[in-house]
Amino acid sequence: HDGIEVGRQEGAQAVLIQLDTPGGLLDSTKSIVKEILGAPLPVVVYVAPSGGGAISAGVFVTMAAHVAAMAPGTNIGAAHPVGGQGEDVGGDMREKVENFAVSLSRTIAQQRGRNVDWAEKAVRESVSITEREAVELNVVDLVAEDVQDLLRQIDGRELEVTGRTVALATVGVT
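Now for a quick tour of the structure. (Residues numbered from 1 in each chain as written. Predicted model: local features only at pLDDT ≥ 70, side-chain atom pairs only at ≥ 80, totals over all residues. Heavy atoms only, no water.)

1. Here's the deal with the pattern of salt bridges
Convention followed: The term salt bridge refers to a side-chain nitrogen of Lys or Arg lying within 4 Å of a carboxyl oxygen of Asp or Glu. The secondary structure listing takes helices from DSSP runs of H or I that are at least 4 residues long and strands from runs of E that are at least 2 residues long, numbered from the N terminus. Burial classes follow relative accessibility: with a 1.4 Å probe on protein chains only, a residue under 20% of its type's maximum area counts as buried, one over 50% as exposed, and anything between as partly exposed.
Taken as a whole and judged by the stated rule, the model has seven salt bridges. With its nearest N and O atoms 3.9 Å apart, the salt bridge here joins Arg-106 to Asp-117. Here Arg-106, found in helix H4 (residues 91-112), pairs with Asp-117, found in helix H5 (residues 116-124); they are 11 residues apart in sequence, far enough to count as distant. The partly exposed category is assigned to Arg-106, whose relative accessible area is 26%. In this structure, Glu-120 and Arg-124 form a salt bridge, with 2.9 Å as the shortest nitrogen-oxygen distance. One end of the pair is Glu-120 and the other is Arg-124, both in helix H5 and four residues apart, which spans about a single turn. Residue classification places Glu-120 among the partly exposed residues on the basis of a relative accessible area of 23%.

Below you can see the structure in the form of structure tokens.
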């Protein structure tokens, strides 16, 4: 929230979130996703560094971005809900939480034009894929060697942000 607000106040081209996470709480994830989906400026999520990943909650955050990118040697997936200590959730609560997580992942994917079927599989089947597979399957937009490469690749890209089209000018920005 604070990063997006500072970006808005400073007239930034976009807000860049570098992400490497094993996951987190569904309530926190929902709050982060809501901030990204409603952001008044583009949000770029970059899964990095190499060896890092967007696991579990990171799937939702990455897919919610206006631009989703990954570094070489990263992965994304395994978003099946578990309890707060990593334990299995059983009974009716398992079905309830899983179905909610599926609907959230599908909604995000639909809104951002990403692979809806994969988004559901990431939750129901805990599938996980490499950065190259993620681009091929339309889970993320691109692979970038580093932040400067990412900024070069997205320069000139037009994005829909809160009902208006925004053209990024990202070469040389900090």
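2. Some points on the sheet that holds strand E6 (residues 128-130)
Just so we agree on the cut-off: By the convention used here, strands pair only if DSSP detects at least 2 bridges between them. Axis definition: a line fitted to C-alpha atoms, limited for helices to the stretch in contact. Angles are taken between N-to-C directions and run from 0 to 180 degrees. In what follows, a contact means two residues having at least one pair of non-hydrogen atoms within 4.5 Å.
Pairing is mixed across the open sheet formed by three strands, whose spatial order is E3-E5-E6. Looking at which strands have only one partner, the edges of the open sheet turn out to be strand E3 (53-55) and E6. Here the strands of the sheet are splayed against their neighbours by 15° on average, with no regard to which way each runs. Taken together, the three bridges between E3 and strand E5 (residues 75-77) define a ladder with parallel strand orientation. Bridging from a neighbouring strand, Ala-54 pairs with Ile-76 of E5. Helix H3 (residues 57-64) rests against E3 and E5 of the sheet, and its axis sits at about 110° to E3.

3. So, the nonpolar core
Let me state the cut-off plainly: Side-chain atoms within 4.5 Å link the members of a nonpolar core, which is a set of buried Ala, Val, Leu, Ile, Met, Phe, Trp, Tyr and Cys residues.
Counting residues in each nonpolar core, the largest one holds 35 residues, and the members touching the most others are Phe-60, Met-63, Ile-76, Trp-118 and Val-139. Counting only elements with at least two residues in this core, the list comes to strand E1 (15-19), helix H2 (26-37), strand E2 (43-47), H3, strand E4 (67-70), H4 and H5. Not counting residues within four places of it along the chain, the set of residues in contact with Met-63 comprises Ile-108, Ala-109, Arg-112, Arg-114, Asn-115, Trp-118, Ala-119 and Val-139. Counting 15 residues, the second-largest nonpolar core is a separate cluster that includes Tyr-46, Leu-142, Leu-159 and Val-166.

4. Let's talk about the environment of Val-143
Position of Val-143 relative to the elements: it lies in strand E7 (residues 142-143). Its relative accessible area of 13% is what places Val-143 among the buried residues. Residues Val-143 and Ala-101 lie 42 residues apart in sequence; the distance between their C-alpha atoms is 26 Å.

5. Looking at the packing of H3 against H5
In plain terms, the rule: The labels follow the angle: roughly parallel below 35 degrees, roughly antiparallel above 145, roughly perpendicular from 65 to 115, and oblique for the rest. Less than a right angle of anticlockwise turn of the near helix away from the far helix marks a crossing as left-handed, whereas a clockwise turn marks it as right-handed. As a working rule, the residues Ala, Val, Leu, Ile, Met, Phe, Trp, Tyr, Cys and Pro are called nonpolar, Asp, Glu, Lys and Arg charged, and the rest polar, with Gly in that last group.
Packing of H3 against H5 leaves a shortest axis separation of 10 Å and a crossing angle of 165°. Overall, the two elements H3 and H5 adopt an arrangement that is roughly antiparallel. Crossing of H3 against H5: the hand is left-handed. The segment H3 lies against H5, with Val-59, Phe-60 and Met-63 engaging Trp-118, Ala-119, Ala-122 and Val-123. Of the residues belonging to the contact of H3 with H5, the class tally is seven nonpolar, no polar and no charged.

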